[in-house]
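Here is how the chains run, residue by residue.
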Amino acid sequence: MLAGLLAAETRVIPLDPLSKLRLHNVTAQAMAYKGRQCVEIKDANPGKTLPDGSLFAIVDGADFAGGVIDVDLTGDALPGMPEAIRGFTGVAFRIAANTSSYEAFYLRPKNGRSEDQLQRNHSAQYISMPEFPWKRLRAESPGKYETYADLAPGEWTHVKIDVRGNTARLCVHGASQPTLIVNDLKHGRSHGALALWIGPGVVAHFANLRVTR
């Protein structure tokens with residue numbers, strides 16, 4: 001066990017300069033937000049209908065097969081967006097070279113403290129694009145790929161994604177136990193890029209991205 005811990009290597013993945021990011025339907029800006037230096041990612045075309053899961057910023061040089069992804073993030077709806085925009089923000093991983101497929105965990109921060117319990121239950125989500133968007137997973141396996149987490153829009157949240165083969169665990173707020181476990185990653189034992197992921201009509205911030213292998 002100790003030998004395994006000693007062999008682990010943590011790499012800080014720089015998000016600035018912005019030339020390290022390949023933008024897909026988003027804008028990026030380096031800034032300070034609520035006490036942290038970060039990158040702000042925003043929907044480049046709010047109100048425009050785009051294919052599901054097509055807004056993200058790929059981080060160059062971060063090929064990922066397995067290990068632990070740590071990041072601090074925030075998510076909120078852009079001003080003027082409809083109530084249905086819940087601040088969808090997360091991390092995509094194992095992204096194919098042509099960006100046609102990936103796995104992702106994301107949060108819906110505006111759901112975390114909703115007075116509607118069913119909405120609360122949709123706070124954290126796993127998806128596998130393009131075959132398994134949230135709508136299909138919710139319809140075919142209700143409650144299996146999403147769950148509750150205490151979240152607030154626009155506030156920093158620490159996210160840890162532990163990926164081992166076909167299994168991934170999502171932890172939030174530094175918890176030792178996962179809030180969501182997926183034992184059947186839909187693309188299997190693949191590898192690929194990492195990306196800062198958002199939903200439509202969203203403004204998000206990302207800082208302190210690290211990968212431990």
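Residues numbered from 1 in each chain as written. Predicted model: local features only at pLDDT ≥ 70, side-chain atom pairs only at ≥ 80, totals over all residues. Heavy atoms only, no water.

Caption draft 1: Structural detail: the overall build of the protein chain. Scanning the protein chain for helices and strands turns up three helices and 15 strands. Whereas a compact globule of 213 residues would reach a radius of gyration of roughly 17 Å, the protein chain reaches 16 Å, a difference of no more than 12%. Considered along the principal axes of its C-alpha atoms, the protein chain spans approximately 50 × 40 × 35 Å. Here the protein chain, with 213 residues, has 49% of them falling under the buried criterion. Sequence-distant contacts, at least 24 apart, represent 69% of the contacts inside the protein chain between residues at least 6 apart. Here the protein chain has roughly 9,900 Å² of accessible surface; of this, 52% comes from carbon and sulfur atoms. Of note, the protein chain has its 24 positive side-chain charges centred 2 Å away from the centre of its 21 negative side-chain charges. (Helix = DSSP H or I, 4+ residues; strand = E, 2+ residues; numbered from the N terminus. Rg over C-alpha atoms; globule rule 2.2 N^0.38 Å. Buried < 20%, exposed > 50% of the residue type's maximum accessible area, 1.4 Å probe, protein only. Contact = heavy atoms within 4.5 Å. Areas by Shrake-Rupley, 256 points an atom, 1.4 Å probe, with all protein chains shown as cover. Lys, Arg positive; Asp, Glu negative; His and termini not counted. Charge placed at Lys NZ, Arg CZ, Asp CG, Glu CD.)

Caption draft 2: Region of the structure containing the nonpolar core. Counting residues in each nonpolar core, the largest one holds 57 residues, and the members touching the most others are Ile-41, Ile-69, Tyr-102, Phe-105, Ile-161, Leu-170 and Phe-206. Setting aside chain neighbours within four positions, we find Phe-105 in contact with Gly-90, Val-91, Phe-93, Gln-125, Tyr-126, Ile-161, Ala-168, Leu-170, Leu-180 and Val-182. (Core = buried A, V, L, I, M, F, W, Y, C linked by side-chain atoms within 4.5 Å.)

Caption draft 3: Structural detail: the sheet that holds strand E5 (residues 56-64). Here we have seven strands laid out as an open sheet, ordered E2-E5-E14-E7-E8-E9-E10, and antiparallel in their pairing. With partners counted over all chains shown, the strands left at the sheet margins are strand E2 (21-24) and strand E10 (146-147), one partner each. Here strand E9 (residues 124-129) pairs with E10 via two bridges, running antiparallel. Paired with Gln-125 across the bridge in E10 is Glu-146. (Pairing = 2+ DSSP bridges.)

Caption draft 4: View of the side chain of Asn-111. In this structure, Asn-111 sits in the loop between strand E8 (102-107) and helix H2 (117-120). Accessibility expressed as a relative area gives 2% for Asn-111, which makes it buried. A distance of 2.6 Å separates a polar atom in the side chain of Asn-111 from a polar atom in the side chain of Arg-86. Residues within four places of Asn-111 in sequence aside, it is in contact with Arg-86, Gln-119, Arg-120, His-122 and Ser-123. (Polar contact = N/O pair within 3.5 Å; in protein donor to acceptor, adjacent residues only side chain to side chain.)

Caption draft 5: Layout of the environment of Trp-156. Note on placement: Trp-156 falls in the loop between E10 and strand E11 (157-164). In the structure, Trp-156 is positioned 17 residues away from His-173 in sequence and 9.1 Å away in space, judged by C-alpha atoms. Every residue in contact with Trp-156, bar those within four places of it in the chain, is listed here: Tyr-33, Lys-34, Arg-36, Cys-38, Asp-72, Leu-73, Thr-74, His-205, Phe-206 and Ala-207. Reaching out from Trp-156, the side chain makes a polar contact with the backbone oxygen of Tyr-33 at a distance of 3.1 Å.

Caption draft 6: Spatial organisation of the packing of aromatic side chains. By the definition in use, this model includes eight aromatic pairs. Note on Phe-88 and Tyr-106: the rings are 6.3 Å apart at their centroids and 90° apart in plane angle, and the pair reads as edge-to-face. Note that Phe-88 is positioned in the loop between strand E6 (67-77) and strand E7 (89-95) and Tyr-106 in strand E8, a separation of 18 residues in sequence. Of the two residues, Phe-88 and Tyr-106, both sit in the buried class. Ring plane angle 35° and centroid distance 5.7 Å describe the contact between Tyr-126 and Tyr-145, whose orientation is recorded as tilted. Here Tyr-145 lies in the loop between helix H3 (134-140) and E10 and Tyr-126 lies in strand E9, a separation of 19 residues in the sequence. For the pair Tyr-126 and Tyr-145, one class covers both residues: buried. Taken together, Phe-64, Phe-93, Phe-105, Tyr-126 and Tyr-145 form an aromatic cluster joined through their ring pairs. (Phe/Tyr/Trp six-rings, centres within 6.5 Å; stacked < 30°, edge-to-face > 60°.)

Caption draft 7: Main features of unusual backbone geometry. The omega torsion of the bond from Asp-16 to Pro-17 falls at 10°, within 30 degrees of zero and hence cis. Looking at where Pro-17 falls in the secondary structure, it is placed in the loop between strand E1 (10-12) and E2. In this chain, Met-129 is followed by Pro-130 through a cis amide linkage whose omega measures 5°. Checked against the element boundaries, Pro-130 lands in the loop between E9 and H3.

Geometry only, nothing functional implied.
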